[in-house]
Amino acid sequence: MDALQQSIIASKMFINISVLSIALNSSFFGYLLYSNRLYDVGKCCSSFVLLILPLSEILKHLYIKRTFQLEAGPKTTAQPSTGRGSGASNAKATKARWSEWFGSVVLFALATLFYAFICVVVGAPLDQYEETLSLAVTLTTVTIFPIMLLLGQSQTYQLLLSETLELKSPLANSYLNLLKNNCIGVILGAWGASVVAPLDWDRPWQVYPIPNVVGSIGGLFGMNVFNLLSTAYISMYRNRRSKAQ
């Protein structure tokens, strides 16, 4: 597959996942407003509304993996199978699977604690533990969790502790870059939404952490809109150039 075909497939993937993400985020906001559960986003221990977010990320991951057949593992040399010791291999695979699940839970918890620490450092109230936890869980779900689904916990650790990570296929690398850009949008959205907190409007939606949770998801929504428009523009420009030649 040449570079042009890879670019076309990557553009199609960007457009599809951006449209799907925009639809899911819009549905999430619509559900919050329709069911009057907007004020439950800061109560992760007593409300299950935030469970919609990981379900949405899993749905997006399954769609991308099934539609575009992403090979997200690192570049390694495959070892030939000898066909011996199938029982031992199955036991080893099961152990590795449980180890992966446990490591993913630990990584998710560590990322949540890190986000909670950052929230406290930048001014979150010390006595509002549940609210800070809700915001930290939201940030982890829409930033680290999609990368964990793509790479697995071990490669996510490597990505977080290093600057570069080369995957098997260029398409997977492109999708990983898209997830990184989404993280930027989420962080900017959560941070930018803090400007409404000190205003003396006395509105119920100004209560911490509602603006930050909504801002983080709004930042993800905005970044997906940007990805959609920019990818569509680049695709149109490429088509015009190909027709002109």
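Relevant structure appears above.
1. What to know about the environment of Lys168
You can see Lys168 is positioned in the loop between helix 5 (153-161) and helix 6 (170-192). Along the chain, Lys168 and Gly218 lie 50 residues apart, while their C-alpha atoms are 32 Å from each other.

2. Points about the packing of aromatic side chains
This model, assessed by the stated rule, comprises three aromatic pairs. Note on Phe28 and Phe29: the rings are 6.2 Å apart at their centroids and 55 degrees apart in plane angle, and the pair reads as tilted. Both residues of the pair, Phe28 and Phe29, count as buried. Arranged with centres 6.2 Å apart and planes meeting at 85 degrees, the rings of Phe108 and Phe145 form a pair that is edge-to-face. Residue Phe108 is located in helix 3 (residues 86-121), and its partner Phe145 is located in helix 4 (residues 129-151); the two are separated by 37 residues in the primary sequence. Look at Phe108 and you get partly exposed, because its relative accessible area is 23%.

3. Considering the pattern of salt bridges
Note on pairing: side chains with opposite charge can pair once their charged atoms come close. Scanning the model with the defined rule gives one salt bridge in all. Of the charged contacts, one joins Glu57 and Lys60 as a salt bridge, the two residues approaching to 3.2 Å between their closest N and O atoms. With Glu57 and Lys60 both in helix 2 (residues 52-68) and three residues apart, the pair spans about one turn of that helix. For the pair shown, Glu57 and Lys60 are each scored as buried.

4. Regarding the side chain of Asn227
Along the chain, Asn227 falls in helix 7 (residues 210-244). Side-chain polar atoms of Asn227 contact the side chain of Asn182, separated by 3.4 Å. Excluding its chain neighbours within four sequence positions, the residues that come into contact with Asn227 are Ser18, Leu178 and Asn182.

5. Let's talk about the state of the cysteines
Counted under the stated rule, the structure contains zero disulfides. The closest cysteine sulfur to the non-disulfide-bonded Cys45 is located on Cys44, 4.0 Å from its own sulfur. Judged by its relative accessible area of 58%, Cys45 falls in the exposed class. Between Cys119, a free cysteine, and Cys44, which holds the nearest cysteine sulfur, the sulfur-to-sulfur gap is 12 Å.

6. Points about unusual backbone geometry
The residue after Tyr208, namely Pro209, is reached through a cis peptide bond having omega 5 degrees. Checked against the element boundaries, Pro209 lands in the loop between helix 6 and helix 7. Even without a glycine there, the phi angle at Gln69 is positive, about 50 degrees. Position of Gln69 relative to the elements: it lies in the loop between helix 2 and helix 3. Exposure remark for Gln69: the relative accessible area of 57% places this residue in the exposed category.

7. Some words on the environment of Leu159
Residue placement: Leu159 occurs in helix 5. Taking the C-alpha atoms as reference points, Leu159 and Glu130, separated by 29 residues in sequence, lie 29 Å from one another. Those residues in contact with Leu159, other than ones at most four positions away along the chain, are Ile147, Leu151, Leu165, Leu176 and Lys180.

Conventions adopted
Residues numbered from 1 in each chain as written. Predicted model: local features only at pLDDT ≥ 70, side-chain atom pairs only at ≥ 80, totals over all residues. Heavy atoms only, no water. Helix = DSSP H or I, 4+ residues; strand = E, 2+ residues; numbered from the N terminus. Phe/Tyr/Trp six-rings, centres within 6.5 Å; stacked < 30°, edge-to-face > 60°. Buried < 20%, exposed > 50% of the residue type's maximum accessible area, 1.4 Å probe, protein only. Salt bridge = Lys/Arg side-chain N within 4 Å of Asp/Glu carboxyl O. Polar contact = N/O pair within 3.5 Å; in protein donor to acceptor, adjacent residues only side chain to side chain. Contact = heavy atoms within 4.5 Å. Disulfide = S-S within 2.5 Å.

Functional significance is not addressed by these values, which are geometric in nature.
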